[in-house]
Amino acid sequence: WYGDIKTLAAKHPKEVALRERQAEAAFNLIADFAASDPDAAVRWYGDIKTLAAKYPKEEALREQQAKAALNLLGRLKATDPDADVRWYGDIKTLAAKYPKEETLSELQTMAATNLLVARAESADKAGVKQMEADIRRLAEENPDIPLCQEAAGQLAVIPEWEEET
């Protein structure tokens, strides 16, 4: 059925709703099958990313791309150890390019928080510090977005990393 939606959207490029349905369907497939079929998940993500790049005026496509990248964070580490950096980088790029789209800043904050926890669990001090810096920057740049403020506020409960001597 996804192939049918994708074909239909390609045949009717003026139909915004079809592109949005395609991106939504790809996101749902990623959510359901990323763990069992990582190659397909990467392809579906690529489809969303291509749509968002091809139609830069369509906010809904960027949001689906960022949501899909957030969904993929941590799921494909076994097959691609550098994947988290790419998914996070995609979200960060979208949020930076479209700073007025609050949802992108929220999704970046969620991704940074997830990565901070993963980095802390793996004792990656540099990674933790980078995610802390991103969360603080997002809170500073987005004083009216509660999620950004809450994430920055929760950094106070994270123990400080000891400085290496």
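Before going into details, it helps to say that this report is about the structure given with it. (Residues numbered from 1 in each chain as written. Predicted model: local features only at pLDDT ≥ 70, side-chain atom pairs only at ≥ 80, totals over all residues. Heavy atoms only, no water.)

To continue, consider the overall build of the protein chain. When you go through the protein chain residue by residue, the secondary structure sums to eight helices and zero strands. Ordered by position from N to C terminus, the α and β elements of the protein chain give α-α-α-α-α-α-α-α. What you see for the protein chain is a C-alpha radius of gyration of 17 Å, in line with the 15 Å of a compact globule of 165 residues. Dimensions of the protein chain along its principal axes, counting C-alpha atoms only, are 60 × 35 × 20 Å. Residues counted as buried form 42% of the 165 residues belonging to the protein chain. Taking the contacts inside the protein chain whose residues are at least 6 apart along the sequence as the reference set, 55% of them involve residues at least 24 apart. (Helix = DSSP H or I, 4+ residues; strand = E, 2+ residues; numbered from the N terminus. Rg over C-alpha atoms; globule rule 2.2 N^0.38 Å. Buried < 20%, exposed > 50% of the residue type's maximum accessible area, 1.4 Å probe, protein only. Contact = heavy atoms within 4.5 Å.)

Turning next to the packing of aromatic side chains. Working definition: an aromatic ring pair is given by the centre-to-centre distance plus the angle between the planes. Overall, the coordinates contain one aromatic pair when judged by the stated rule. When the ring of tyrosine 45 is compared with that of tryptophan 87, the centres are 4.7 Å apart and the planes differ by 75°; the resulting orientation is edge-to-face. Separated by 42 residues along the polypeptide, tyrosine 45 in helix 3 (residues 38-54) and tryptophan 87 in helix 5 (residues 83-97) bring together distant segments of the chain. On the basis of relative accessible area, tryptophan 87 is assigned to the buried category, the value being 5%. Note that arginine 19 overlies the ring of tyrosine 55, its terminal NZ or CZ placed 3.7 Å from the centroid. Lying over the aromatic face of tyrosine 98, arginine 62 brings its terminal NZ or CZ to 3.7 Å of the ring centre. (Phe/Tyr/Trp six-rings, centres within 6.5 Å; stacked < 30°, edge-to-face > 60°. Lys NZ or Arg CZ within 6 Å of the ring centre and 35° of its normal.)

Summed over the entire model, instances satisfying the criterion amount to eight salt bridges. Measuring nitrogen to oxygen at the nearest pair gives 2.4 Å for the salt bridge that ties glutamate 58 to arginine 19. Taken together, the positions of glutamate 58 in the loop between helix 3 and helix 4 (59-72) and arginine 19 in helix 2 (residues 16-33) put the pair 39 residues apart, joining distant regions of the chain. Take glutamate 58 and arginine 19: they sit in the same class, and that class is buried. (Salt bridge = Lys/Arg side-chain N within 4 Å of Asp/Glu carboxyl O.)

Further remarks concern the packing of helix 4 against helix 5. Relative to each other, helix 4 and helix 5 sit at 155°, their axes nearing to 9 Å. Relative to helix 5, helix 4 is oriented roughly antiparallel. The element helix 4 and its partner helix 5 pack so that their crossing is left-handed. For the pair formed by helix 4 and helix 5, the contact residues are Arg62, Gln65, Ala66, Ala69, Leu70 and Leu72 on the first element and Asp84, Trp87, Asp90, Ile91 and Leu94 on the second. (Axes fitted to C-alpha atoms, helices over the stretch in contact; angles between N-to-C directions. Parallel < 35°, antiparallel > 145°, perpendicular 65-115°, else oblique. Left-handed = near helix turned anticlockwise from the far one by under 90°.)

As a further point, take the environment of threonine 7. With respect to the helices and strands, threonine 7 occurs in helix 1 (residues 2-11). Along the sequence, threonine 7 and leucine 18 sit eleven residues apart, while their C-alpha atoms lie 9.8 Å from each other.

What follows is about the nonpolar core. The tendency in soluble globular proteins is for nonpolar side chains to be buried side by side. With 44 residues, the main nonpolar core has Ile30, Trp44, Leu72 and Trp87 as its most contacted residues. The set of elements that each furnish at least two residues to this core consists of helix 2, helix 3, helix 4, helix 5, helix 6 (102-121), helix 7 (125-141) and helix 8 (146-154). Of the residues forming this core, the biggest block, seven residues, is contributed by helix 3. (Core = buried A, V, L, I, M, F, W, Y, C linked by side-chain atoms within 4.5 Å.)

Here we come to the packing of helix 3 against helix 4. Packing of helix 3 against helix 4 leaves a shortest axis separation of 8 Å and a crossing angle of 155°. Classified by the angle their axes make, helix 3 and helix 4 are roughly antiparallel. Viewed along their axes, helix 3 and helix 4 form a crossing whose handedness is left-handed. Contact with helix 3, carried on its side by Ala41, Tyr45, Ile48, Lys49, Leu51 and Ala52, involves Leu61, Arg62, Gln64, Gln65, Ala68, Ala69 and Leu72 of helix 4 and no other residues of that element. Its residues assigned to classes, the contact of helix 3 with helix 4 shows nine nonpolar, two polar and two charged. (Nonpolar A, V, L, I, M, F, W, Y, C, P; charged D, E, K, R; others polar.)

Such coordinate-based values are descriptive only and should not be taken to indicate function.
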